[in-house]
Amino acid sequence: MIEEAIAQKLDVKCFSSNPLRLVDLGCSVGPNTFIAMQHIVEAVERKYLEQGLKSQMPEFQVFFNDLAANDFNTLFASLPTERRYFACGVPGSFHGRLFPESSIHFMFSSHALHWLSKVPEELLHKNSPAWNRGRIHYTSAPDAVSHAYAAQFDHDMEIFLNARAKELMVGGIIVIVMAALPDGIPASQIPSGVMFDLLGASLMDMAKAGLINEAQVDSFNLPVYAAPLEQMTDLVKRNGCFTIERMELVYRESKLVVPVSGKECGMHVRAGMEGIIAKHFGSGIIDELFDRFSNKSVEFSHQLESSQREGAQLFAALRRK
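As a starting point, this report considers the structure included with it.

Conventions we followed
Residues numbered from 1 in each chain as written. Predicted model: local features only at pLDDT ≥ 70, side-chain atom pairs only at ≥ 80, totals over all residues. Heavy atoms only, no water. Axes fitted to C-alpha atoms, helices over the stretch in contact; angles between N-to-C directions. Helix = DSSP H or I, 4+ residues; strand = E, 2+ residues; numbered from the N terminus. Parallel < 35°, antiparallel > 145°, perpendicular 65-115°, else oblique. Left-handed = near helix turned anticlockwise from the far one by under 90°. Contact = heavy atoms within 4.5 Å. Nonpolar A, V, L, I, M, F, W, Y, C, P; charged D, E, K, R; others polar. Salt bridge = Lys/Arg side-chain N within 4 Å of Asp/Glu carboxyl O. Buried < 20%, exposed > 50% of the residue type's maximum accessible area, 1.4 Å probe, protein only. Polar contact = N/O pair within 3.5 Å; in protein donor to acceptor, adjacent residues only side chain to side chain. Disulfide = S-S within 2.5 Å. Phe/Tyr/Trp six-rings, centres within 6.5 Å; stacked < 30°, edge-to-face > 60°. Lys NZ or Arg CZ within 6 Å of the ring centre and 35° of its normal.

## Describing the packing of helix 1 (residues 2-9) against helix 2 (residues 31-50)
Interaxial distance between helix 1 and helix 2 falls to 9 Å at its minimum, and their mutual angle equals 25 degrees. One element, helix 1, and the other, helix 2, form an angle in the roughly parallel class. Like other packed secondary-structure pairs, helix 1 and helix 2 cross with a definite hand, here right-handed. Residues I2, E3, I6, A7 and Q8 of helix 1 pack against H39, I40, A43, V44, R46 and K47 of helix 2. When grouped by side-chain class, the residues that make up the contact of helix 1 with helix 2 number six nonpolar, two polar and three charged.

## Considering the pattern of salt bridges
Enumeration according to the criterion identifies 14 salt bridges in this entry. A salt bridge links R246 to E248; its shortest N-O distance comes to 2.7 Å. Looking at R246, the relative accessible area reads 26%, which means it is partly exposed. The partner of E274 in a salt bridge is R270, and the shortest N-O contact between them spans 3.1 Å. Within this pair, E274 and its partner R270 are both found in helix 8 (residues 262-281), separated by four residues, close to a single helical turn.

## Points about the side chain of H137
Tracing the chain through its elements places H137 in the loop between strand 4 (104-110) and helix 4 (143-167). Among the polar contacts made by the side chain of H137, one reaches the main-chain carbonyl oxygen of V224 at a distance of 2.7 Å. Contact partners of H137, with chain neighbours within four places excluded, come to N132, V145, Y149, F196, N221, L222 and V224.

## Quick notes on the state of the cysteines
Summed over all chains, the structure comprises zero disulfides. Its sulfur unpaired, C27 is 12 Å from the next cysteine sulfur, which belongs to C88. Relative accessible area serves as the criterion here: at 6%, C27 is assigned to the buried category. Assessed through its relative accessible area of 22%, C88 is described here as partly exposed.

## Focus on the packing of aromatic side chains
Evaluated as defined, the whole model comprises ten aromatic pairs. Centre to centre, the rings of F153 and Y225 are 5.0 Å apart; their planes meet at 35 degrees, and the pair counts as tilted. Pair noted here: F153 is in helix 4 and Y225 is in the loop between helix 6 (214-218) and strand 6 (227-228), with a separation of 72 residues, a long-range link. Residue F153 shares its accessibility class with Y225, and that shared class is buried. What links up through ring pairs into an aromatic cluster is the set Y138, Y149, F153 and Y225. Over the ring of F160 we find R164, and its NZ or CZ is 4.8 Å from the ring centre.

## Details of the packing of helix 5 (residues 191-208) against helix 9 (residues 286-299)
Helix-helix packing is characterised by the crossing angle of the two axes and by the distance between the axes. At a minimum axis separation of 9 Å, helix 5 and helix 9 run at an interaxial angle of 125 degrees. Of the possible angle classes, the one that applies to helix 5 and helix 9 is oblique. Relative to helix 9, helix 5 is oriented so that their crossing is right-handed. Mapping the contact onto sequence places M195, L198, L199, A201, S202, L203, D205 and M206 in helix 5 and E288, L289, F290, R292, F293, K296 and S297 in helix 9. Split into classes, the residues belonging to the contact of helix 5 with helix 9 amount to nine nonpolar, two polar and four charged.

Right, here's the structure in full:
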């Protein structure tokens, strides 16, 4: 879908500068980062060839962006030796400006925009209707909690789109792949919702056993949000700087031959959430927490399996007007 967006929507004839600059927003580290960018570079090269512009083929400069705490040394040490681009690291939050005005040709963000810039303020006050006692997410929570998450996502995306509108050249494209909430499906029934509910229940079990303080659980919330398609569409239209070339939900049938085990589920969640949990509760609880979580994943495996049918991703290709 990304290659199709480049082939059909990216007009390289409007780009006269060299090098051609590509950005991976929220890149993290690992082979998937480099594979995705290599495919993007190859797709742009094909676009030049198809338009008879072989003699004008530019050099490519790829910017890998992530938070300053990311291990950029590992990123740079892992760069493919045969890459066809020059690589740069750009530390900073993609919720704000990162690049000079009108300097970028193509941007890509995969599975990063579900992270909010912060936990909604309403969840931090005990007297607030959105005080999320006994839970760590908006799944299975009162409406006031989910509304607070939605409002924070609106705020973050407004800043994100305004920043990207400044940085992209006219005719430039940003492709976004992110977690999404299918229409009519409760957040508690998608894979992340089920897992976050089980993780919260594991923390509450530890609180009841006296291993952690229950107040610590009450004050902890994951800053993660899966947006409905309609909400994302409205935000882009409200911004007014982009043409929506393609925006849709993508449902992928599971390719797993057998269901994911409780241990594998625990490893998956731990990889993404250990840092933020350890910062709040301390690293000493991590092994015990994920042992309990793995056991709950086995106990509620039917819910996890059925949630896989409801999981979706949002794919968006936006062109700078």
